[in-house]
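Structural overview
Next come the chains, spelled out residue by residue.
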Amino acid sequence: MDDVDRKILAELQRDGRLTVTELAERVRLSVSPCHRRLRALEHSGAIASYRAHLDAHVLGFGFDALVFATMRDADRDTVDAFENAVAAIPHVLQAQRLFGDPDYLLRVVTRDLHAFQQLYDDRLATLPGVQRLTSTLVMKSIVDNRPLPL
């Protein structure tokens, strides 16, 4: 990956809807070499996908919580069952396995406190292998969906 590839990636992070012609102009390449580089970046996996960034608040998801999960057991079957169950919950926007305690960090969005309480009681509290859940509410997002530093 060279500087031109990094410029292509930076431009696409700013606006994923650019046409190849617009992208080529911005990175100062002709269309054909730009298109070849773009396809190579896609095939290499550097560009994982294209999608729209939606505003959760505008769409009615105004409640944002971080949920920390501490596991009772860390055997492979329990971890797999927990991770598969978490992946099946659409309101979990992000889930990370951590070193140390707690074991997992989940970012959860719902419409309001009542919806979060229902999700917590019905789905999160019943996740396999969980010893303890701790939640905290997000007051304000300072940095969200920042492009990767290239």
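Going by the structure above, here's the rest.
Described in the following lines is the structure provided in the data block. Residue numbers run consecutively from 1 along every chain, following the written order of its sequence. Per-residue local features of the predicted model are confined to residues with pLDDT of at least 70, and side-chain atom pairs are confined, for both listing and counting, to 80 or more; whole-chain, interface and lining totals are unaffected and use all residues. The side-chain figures draw on all heavy atoms in the structure; neither hydrogens nor water molecules are used.

1. What to know about a nonpolar patch on the surface
Formally: Each patch groups residues whose relative accessible area exceeds 30% and which form no salt bridge, using 9 Å between like charges and 5 Å between nonpolar side chains of Val, Leu, Ile, Met, Phe, Trp and Tyr. Only the protein chains shown count as cover for residues, with accessible areas throughout obtained via the Shrake-Rupley method and a probe of 1.4 Å. By convention in these notes, a salt bridge is any Lys or Arg side-chain nitrogen within 4 Å of a carboxyl oxygen on Asp or Glu. Runs of H or I in DSSP of at least four residues are treated as helices and runs of E of at least two as strands, each being numbered from the N terminus. We call a residue buried when its accessible area falls under 20% of the maximum for its residue type, exposed when it is over 50%, and partly exposed in between, using a 1.4 Å probe and counting protein chains only.
On the surface, a nonpolar cluster with roughly 330 Å² of combined accessible area is contributed by Leu54, Val58 and Leu59. Note that leucine 59 resides in the loop between α3 (31–44) and β1 (63–71). Look at leucine 59 and you get partly exposed, because its relative accessible area is 44%.

2. Concerning the nonpolar core
What counts here: The criterion is simple. A nonpolar core is a set of buried Ala, Val, Leu, Ile, Met, Phe, Trp, Tyr and Cys residues joined through side-chain atoms within 4.5 Å.
Core analysis: the largest hydrophobic core is formed by 19 residues, its most contacted members being Val67, Phe82, Leu106, Val108, Phe116, Leu124 and Leu127. Of all the secondary structure elements, the ones that give two or more residues to this core are β1, α4 (76–87), β3 (104–110), α5 (113–122) and β4 (130–137). The dominant element in this core, judged by the number of residues it contributes, is β1, at 5 residues. Core analysis: the second largest hydrophobic core is formed by 11 residues, Leu9, Ala24, Cys34 and Leu41 among them.

3. Description of the layout of surface pockets
Applicable threshold: Buriedness for pockets is judged along seven lines, at least five of which must meet protein on both sides within 12 Å for an open set on the 1 Å grid over protein atoms alone, while cavities are sets there where a 1.4 Å probe fits but cannot get out, and lining residues have an atom within 4 Å of a point. Grid points are joined across faces, edges and corners, and a volume is the space filled by probe spheres set on the points. Each residue is assigned to one of three groups, with Ala, Val, Leu, Ile, Met, Phe, Trp, Tyr, Cys and Pro labelled nonpolar, Asp, Glu, Lys and Arg labelled charged, and all others, Gly among them, labelled polar.
Of the voids in this model, the largest pocket is the one considered here, and its volume is about 1,700 Å³. Along the walls of the largest pocket sit 40 residues, with Arg51, Ala52, His53, Asn145 and Arg146 positioned nearest its centre. Across the lining of the largest pocket, the residue classes break down as 20 nonpolar, 10 polar and 10 charged.

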